[in-house]
Amino acid sequence: MWIGNTELRLVTSKRVLGLWRKLLWLAIPLLTPTVAQAHATERGFILLLPTDLYIGGGAAVVAFTFLLMTVIPATGLQAVELARRDIGLISRRDTLVPSALMLVIILALIASGYLGSRDPLSNPLPLMLWTIWWVGLSFVHAILGNLWSVLHPWRALCWLLRLIPPFRKWLDSPLISKPEQLGYLPAIALFLAFAWLELVHPAPQDPALLANAVIVYIFITTAGILLFGERAWLQYGEIFSIFFRIVSWLAPFGVRTDSEKVGDRNVFFVTIPCMRLLSVGVLPLTGAAFILLTLSSVSFDGFSRTFLWLDFIGVNPLEYPGRSALIGRNTFGLIGVFGALMGVYGLAVYLGHVLARTDVHVSKALSTFVVAIVPIAFGYHFAHYLPELLLDSQFTLRALSDPFAFGWDLLGTRDMHVHASIVTNRESIELIWKLQVFGIVAAHVAAVAIAHFLALRLYTGPTRALVSQIPMTILMIGYTMFGLWLLSTPAAG
């Protein structure tokens, strides 16, 4: 009996040791320091509200907006267009100071990419690029208008180029005199490359890689300016001038030229948010494609980490292999989502065109209604990047205080405590989620209203305008449901 108990104790001891050994192996990855990625947060809480209820509610709001548009008379368009008030005058004289300052900041960030910390959350280049500039400045443009037209560094760059005689000649007489023939094709190619770097490349946060990318982009912009001329390249080729200009169409504030009344000054005005979209006019088809690309890229960013997409490309979401293993498939997905969105948008406009029974050319309809997609594109941009902005802006303040990892504390924020609880605390997460839902639904509501007003202008008669928007409204309802689903579905990676 004593021998049997001894054997039992030995067996039990071996099992306990084996269990501790397994726990130790499981704990090693948790105790090993790794490089943190700068994407702020995933869906960390299961929402108490049933998914079908809030998705259905969002879709119902968009559908109700369409029904509301049916009772607004055609004179409502005139009332909206007149809802603009001049609030001041701004000098029209260009100054190099903001542009030169921006160029100096960019050069300093490039230097920090090479000399600063390798940690993406301690180096100011990835934080300034992906968080403050790409996200934060976009939000500011949707409120205050096109600030990038004043801040961009290319005006100062052109001033420097003019100091070199051969470049001065090229700037005065560009090699390609009619860039409008290419339209926005250069911008589409460059934005695809930018989106690929952000969404597909294995290390989009690597400081040295980003420094190289910024230098390459400066050379591309310089070449584009020399080939097409400064004004033409900023109009058709420089993707961020184009993107920020598009976002600024949503802003309630704007500037217009009125040379007969105010001489050398511009008029600063305020209007209803999104109503400036009605004065954009007819874009070329390549411009319409660029707008759809901005929406498809941010949509794929969220979709690429869902279990649905991972299952489609044959990846177990519980054993996520990382970006390096998915470069080919995610590249295909990025381009595929862009193509699919162009297809469904084109189909919706074509079907509405057929229902309207009008002699307006369908290409004009495609180029006209695409500006109604702008609120949706920004709504997704806002909802997708809001958590990242709230969290990573704090890391940015810390990184800017010691940009080159020399031990400096320029801003007194090097040791600032980062409140990561903003994306882990239940109350703050619920508030963020509500803002995201509001952003997506409000964007689609605005899109429905803008599309209806554009239809009133394009087609003769309110009945034709209303009928033409049925397919487009169905598309927007579907995209609303898709966006709200993305907020709640589990994600990996």
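Details of the structure are given in the entry above.
Source: prediction; values computed, not measured. (Residues numbered from 1 in each chain as written. Predicted model: local features only at pLDDT ≥ 70, side-chain atom pairs only at ≥ 80, totals over all residues. Heavy atoms only, no water.)

(A) Region of the structure containing the packing of helix H14 (residues 285-303) against helix H21 (residues 470-488). Closest axis-to-axis distance for the H14/H21 pair is 10 Å, and the angle between their directions is 40°. By the angle class used here, H14 and H21 are oblique. Helix-helix and strand crossings are classified by hand; for H14 and H21 the assignment is left-handed. Residues Leu-295, Ser-299, Gly-302 and Phe-303 of H14 lie in contact with H21, whose contacting residues are Tyr-479, Phe-482, Trp-485 and Leu-486. Tallied by class, the residues present in the contact of H14 with H21 amount to 6 nonpolar, 2 polar and no charged. (Axes fitted to C-alpha atoms, helices over the stretch in contact; angles between N-to-C directions. Helix = DSSP H or I, 4+ residues; strand = E, 2+ residues; numbered from the N terminus. Parallel < 35°, antiparallel > 145°, perpendicular 65-115°, else oblique. Left-handed = near helix turned anticlockwise from the far one by under 90°. Contact = heavy atoms within 4.5 Å. Nonpolar A, V, L, I, M, F, W, Y, C, P; charged D, E, K, R; others polar.)

(B) Summary view of the packing of H14 against helix H16 (residues 327-356). It is the contact of H14 with H16, at a shortest axis distance of 9 Å, that shows an interaxial angle of 130°. With respect to their mutual orientation, H14 and H16 come out oblique. Remark: the crossing between H14 and H16 carries right-handed chirality. For the pair H14 and H16, the contacting residues are Ala-289, Leu-292, Leu-293, Leu-295, Ser-296, Ser-297 and Phe-300 in the first and Asn-330, Gly-333, Leu-334, Val-337, Phe-338, Leu-341, Met-342 and Tyr-345 in the second. Taken together, the residues of the contact of H14 with H16 sort by class into 11 nonpolar, 4 polar and no charged.

(C) A look at the environment of Cys-158. Tracing the chain through its elements places Cys-158 in helix H7 (residues 154-161). Along the chain, Cys-158 and Leu-226 lie 68 residues apart, while their C-alpha atoms are 9.2 Å from each other.

(D) Fine view of the layout of surface pockets. Within this model, the second largest pocket holds a volume of roughly 690 Å³. Secondary-structure elements contributing two or more residues to the lining of the second largest pocket are helix H4 (97-115), helix H5 (124-144), helix H9 (185-199), helix H10 (207-228) and helix H12 (239-248). A per-element tally of the lining of the second largest pocket places H5 first, with 7 residues. Class assignment for the residues of the lining of the second largest pocket results in 26 nonpolar, no polar and no charged. (1 Å grid on protein atoms, 1.4 Å probe; cavity = no way out; pocket = protein on both sides within 12 Å on 5 of 7 lines; lining within 4 Å. Points joined across faces, edges and corners; volume = space filled by probe spheres on them.)

(E) Spotlight on empty space enclosed by the protein. For the structure on display, the rule yields 5 cavities of 30 Å³ or more. By volume, the largest cavity is sized at about 180 Å³. Considering the residues around the largest cavity, the lining is formed by 17 residues, among which Trp-134, Phe-243, Thr-294, Ala-377 and His-381 are closest to the centre. Only H9, H12, H14 and helix H18 (374-401) provide two or more residues apiece to the lining of the largest cavity. Reported here for the second largest cavity is a volume of approximately 50 Å³. Those elements that place two or more of their residues in the lining of the second largest cavity are H16 and H21. If you tally residues by element for the lining of the second largest cavity, the top one is H21, at 3 residues. Here the lining of the second largest cavity is built from residues that sort into 8 nonpolar, no polar and no charged.

(F) A look at the nonpolar core. With 106 residues, the main nonpolar core has Trp-134, Ile-239, Phe-240, Tyr-345, Phe-369, Val-370 and Met-476 as its most contacted residues. Residue contributions to this core peak at 12 residues, all from helix H19 (residues 426-458). Those residues in contact with Trp-134 that lie beyond four places of it in its chain are Leu-129, Phe-191, Phe-194, Glu-198, Phe-240, Phe-243, His-381 and Tyr-385. Among the nonpolar cores identified, the runner-up in size contains 13 residues, and Trp-309, Val-315, Leu-326 and Leu-334 belong to it. (Core = buried A, V, L, I, M, F, W, Y, C linked by side-chain atoms within 4.5 Å. Buried < 20%, exposed > 50% of the residue type's maximum accessible area, 1.4 Å probe, protein only.)

In short, geometric facts, not functional conclusions.
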